[in-house]
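In case you want the letters, here they are:
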Amino acid sequence: MRWNFSSRALELSGGDALVLSIPKSGRTWLRTFVTAYFAAQTGRAFSLELTDRHDAEIPRIVYSHDRFEQRTKGNGWDRVRGKYLVPPTQTKSPILLLARDPRDAFVSYAVQLTRRNPATPEVIKQMATSELLHHPRFGIAAMVEVMNGWLREFGRRPHFSLVRYEDLRADPENLREVLRAIGQTSVDDQAFASALEFSTFENMQQLEARGAFLSKMLQPRDRNDPESFKVRRGKVGGFREYLTGEDQRYAAEVCRQLDARFGYEAD
């Protein structure tokens, strides 16, 4: 079931395309690239909010963590109203599901909860990574469940596309498929090259450190703590540096439940 009876429904509807992801799947990087592409194509100044509004030259794109936020944010009344769910009308637009290995996504999410997000309940902030990994709401099993749920709901629709963060990082040329998935039938090569250069991790980290992004989404919690930056590492397979051998075995067991269409092998 899908519903949203809150005032936030307006923010999560009316888009020309919908991008879904669990937290820390590379959405900020993807959003920066897409926004930089349209900024270069139209000669506008870069702003993360550029694709938030209706514009004759630039599509409005709705970005959402959807079901994952529905289970991890807000209070009981928020969840009853479906505050974080994308309304049914918006799911009729082109849908892009951005996937990442849940083990890497979880580690980055755990760092965000404990080092970056001031709204995180204190009891969660004090949890060890291993304990958080097994948490029924914030842990890796919840991520896998939500990812599988999206594929069941949208995977067979003609306007649905699945892209993997790892593939985009391995070959940024795959970002052309992202632009096509959100409705761009042809790609402006000059704007594409400009957006690639602008959205490198190195450039994004420098901009964040200088406070060049006006959006609160891209500001470090503590400029002296690299782990508190929104643009943190983005490393593929970096979970091995944070999870013990036992935790890696548990995470692999959970990830074996992922739909095979995601293409991740949990070793």
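Scroll up to find the structure this text is about.
Fair warning: this is a prediction, and the values are worked out from it, not measured in the lab.

**Student:** Tell me about the sheet that holds strand 3 (residues 95-99), and please be specific about residues and values.
**Tutor:** Strand order in this open sheet of four strands is 2-1-3-4, and the pairing throughout is parallel. What marks the edges here is a single partner per strand, and that holds for strand 2 (61-64) and strand 4 (160-164). Along the sheet, successive strands turn relative to each other by an average axial angle of 20°, direction set aside. For strand 1 (residues 17-20) and strand 2, the ladder comprises four bridges, and the chain directions are parallel. Paired with L18 across the bridge in strand 2 is V62. Those strands touched by helix 1 (residues 27-42) are strand 1, strand 2 and strand 3, and its axis lies near 170° from that of strand 2.

**Student:** How would you explain the packing of helix 1 against helix 10 (residues 189-198) if you had to name every residue and give the values?
**Tutor:** As a packed pair, helix 1 and helix 10 sit with axes 8 Å apart at the nearest point and diverge in direction by 135°. Relative to helix 10, the element helix 1 is oriented oblique. By crossing handedness, the relation of helix 1 to helix 10 is classed as right-handed. Counting all contacts with helix 1, which are made through T32, F33, A36, Y37, A40 and Q41, the residues of helix 10 involved are A191, F192, S194, A195, L196 and F198. Tallied by class, the residues present in the contact of helix 1 with helix 10 amount to nine nonpolar, three polar and no charged.

Basis of the calculations
Residues numbered from 1 in each chain as written. Predicted model: local features only at pLDDT ≥ 70, side-chain atom pairs only at ≥ 80, totals over all residues. Heavy atoms only, no water. Pairing = 2+ DSSP bridges. Helix = DSSP H or I, 4+ residues; strand = E, 2+ residues; numbered from the N terminus. Axes fitted to C-alpha atoms, helices over the stretch in contact; angles between N-to-C directions. Contact = heavy atoms within 4.5 Å. Parallel < 35°, antiparallel > 145°, perpendicular 65-115°, else oblique. Left-handed = near helix turned anticlockwise from the far one by under 90°. Nonpolar A, V, L, I, M, F, W, Y, C, P; charged D, E, K, R; others polar.

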